[in-house]
Amino acid sequence: MESKLGSRLPDYEVIKPLGRGAYSYVYHVKYRSTSQEFALKIIEKQVVVQKNLTNRLLNEIKLQKRLNHPCIVKFYHSFEDEDCIYLVLEYCAGGELFSYIKSEGRLSEDETRMLCSQLVDGIDYLHNRGILHRDLKLGNLLLSEDRTLLKIGDFGLAVKLSNYSEERSTLCGTPNYISPEVVNRQPYGLAADLWSLGCIVYGCLTGNPPFESPDIQTTLLKIKDMSYSLPNYLSDDAETLIRSLLSWNPDERLSIQDVKNQPFFKSQFFSTLDTRTLQSPT
Ligand code: ATP
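Everything quoted here is computed from the prediction, not taken from an experiment.

What follows covers the site of the ligand. As a structural note, the neighbourhood of the ligand is formed by 16 residues, with Ala-22, Ser-24, Glu-90, Cys-92 and Glu-96 the closest of them. The separation between a nitrogen atom of the ligand and a polar main-chain atom of Cys-92 is 3.0 Å. For the ligand, an oxygen atom lies 3.0 Å from a polar atom in the side chain of Glu-96. Relative to its free-state accessible area of 610 Å², the ligand is covered by the protein chains to the extent of 81%.

Rendered as structure tokens:
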């Protein structure tokens, strides 16, 4: 892929590869005429056809291009050539929150509060627009170079609901983060993202998501049985937040507004985040 990029993308200088996803290659690039840096996600058309990804990709582009929030990876534009589709995205130099936690072991409550309050702000923005992300996980949260700014990425599974109480039933998401109603193939709505938020907060504070197991079947069984433990080093506020998010019944789970009022986030000031950006748009 890399050797052909120069001739395919004369307007961009490829700085370095950032990684590969299941269906994509991602590069750190510089737009030559403005020197602005981006993450360029490249998807081969052949793969889109083979894996039946057309709808997923069109959905990702349609949804993400309309979003504009400091806690969401900015989608600038997309283009295509004969072989590939290219998505030009905001570059997040700090990489995935998942990798950061793996390198640190686990995060302090202060750092978790600082990062997760941005995640809460981003989810609030999405849910206010009736958008259910459906794949919130440590690997889909990207960081600024100094790891103080967090951005929600990967909108491949996101859906726009026609109203706040609409429910979906497709089984999708990443096993470690999916809610019992999704596992049980029950209709689910915005509360499914709140369950994932609980798994992410737990993952930040302990190093691993709560239902992690060597195999997927065991993970799904643990979710159905609500089988997880809270380490004794967690504060009461952290424990209460996690328990209230990992509520089996989606109707009893905290809403995103409730989360903002939780004592764990008490010192975090939410709406000022609107003034922060990693880089200004072209
Ligand atoms: P999957 O395709 O299974 O969801 P993934 O999320 O790792 O896996 P991609 O989203 O294609 O797949 O990302 C591939 C790699 O590129 C990841 O390591 C990710 O951290 C990195 N990456 C993706 N988007 C950006 C971005 N905007 N800024 C910086 N790095 C990014």
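From this point, the narrative continues.
The strand order across the open sheet formed by five strands is β1-β2-β3-β5-β4, and the pairing between neighbours is antiparallel. Edge positions in the open sheet fall to β1 (12–20) and β4 (75–80), since each of these has one partner strand only. Strand-to-strand twist across the sheet, computed as the mean angle between neighbouring axes with direction ignored, equals 25°. By the bridge criterion, seven bridges tie strand β2 (residues 25–31) to strand β3 (residues 36–44) in an arrangement that is antiparallel. Opposite Val-26, over in β3, you have Lys-41 as the bridge partner. Sheet contacts for helix α3 (residues 54–65): β3, β4 and β5 (84–90); angle to β5, the most-contacted strand, approximately 30°.

Per the stated rule, a full pass over the model turns up 10 salt bridges. Across the pair Arg-56 and Asp-154 runs a salt bridge whose closest N-O atoms are separated by 3.9 Å. Of this pair, Arg-56 sits in helix α3 while Asp-154 sits in the loop between β9 (150–152) and β10 (159–160); the two residues are 98 residues apart in sequence, bridging distant segments of the chain. The exposure class of Asp-154 is partly exposed, given its relative accessible area of 23%. For the salt bridge of Glu-181 with Arg-253, the shortest nitrogen-to-oxygen distance reads 2.8 Å. Separated by 72 residues along the polypeptide, Glu-181 in helix α6 (residues 180–183) and Arg-253 in the loop between α9 (236–245) and α10 (256–260) bring together distant segments of the chain.

Attention shifts here to the nonpolar core. In terms of nonpolar packing, the biggest core is built from 60 residues, with Leu-97, Leu-119, Ile-152, Leu-197, Ile-200, Ile-242 and Val-259 touching the most fellow members. Ile-242 has contacts with Val-201, Tyr-202, Leu-205, Tyr-228, Leu-230 and Leu-234, leaving out every residue within four places of it along the chain. Counting residues in hydrophobic clusters, the runner-up holds 15 residues, among them Val-47, Val-48, Val-73 and Leu-89.

Below, the discussion takes up the sheet that holds strand β8 (residues 141–143). One open sheet accounts for three strands, arranged β6-β8-β9; its pairing is antiparallel. Of all the strands in the sheet, the pair left with one neighbour each is β6 (95–96) and β9. Here β6 pairs with β8 via two bridges, running antiparallel. From the neighbouring strand, Gly-95 faces β8, where its bridge partner is Leu-143.

Another point: the pairing of β4. Examined bridge by bridge, β4 and β5 share five bridges and lie antiparallel to one another. Residue pairing in the sheet places Ser-78 in a bridge with Leu-87 of β5. Between the end of β4 and the start of β5, which pair antiparallel, lie three residues.

One can find Arg-185 in the loop between α6 and α7 (191–206). For Arg-185, a relative accessible area of 56% gives the class exposed. For the pair Arg-185 and Thr-170, spaced 15 residues apart in sequence, the C-alpha to C-alpha distance is 7.3 Å.

What follows is about α3. Taking 1.5 Å per residue as the helical rise, α3 with its 12 residues ought to reach 16 Å, and the 17 Å between its terminal C-alpha atoms agrees with that figure. Every buried residue of α3 is accounted for by Leu-57, Glu-60, Ile-61, Leu-63 and Gln-64.

Conventions and cut-offs
- Residues numbered from 1 in each chain as written.
- Predicted model: local features only at pLDDT ≥ 70, side-chain atom pairs only at ≥ 80, totals over all residues.
- Heavy atoms only, no water.
- Near = heavy atom within 4 Å.
- Polar contact = N/O pair within 3.5 Å; in protein donor to acceptor, adjacent residues only side chain to side chain.
- Areas by Shrake-Rupley, 256 points an atom, 1.4 Å probe, with all protein chains shown as cover.
- Pairing = 2+ DSSP bridges.
- Helix = DSSP H or I, 4+ residues; strand = E, 2+ residues; numbered from the N terminus.
- Axes fitted to C-alpha atoms, helices over the stretch in contact; angles between N-to-C directions.
- Contact = heavy atoms within 4.5 Å.
- Salt bridge = Lys/Arg side-chain N within 4 Å of Asp/Glu carboxyl O.
- Buried < 20%, exposed > 50% of the residue type's maximum accessible area, 1.4 Å probe, protein only.
- Core = buried A, V, L, I, M, F, W, Y, C linked by side-chain atoms within 4.5 Å.
- Expected span 1.5 Å × (residues − 1).

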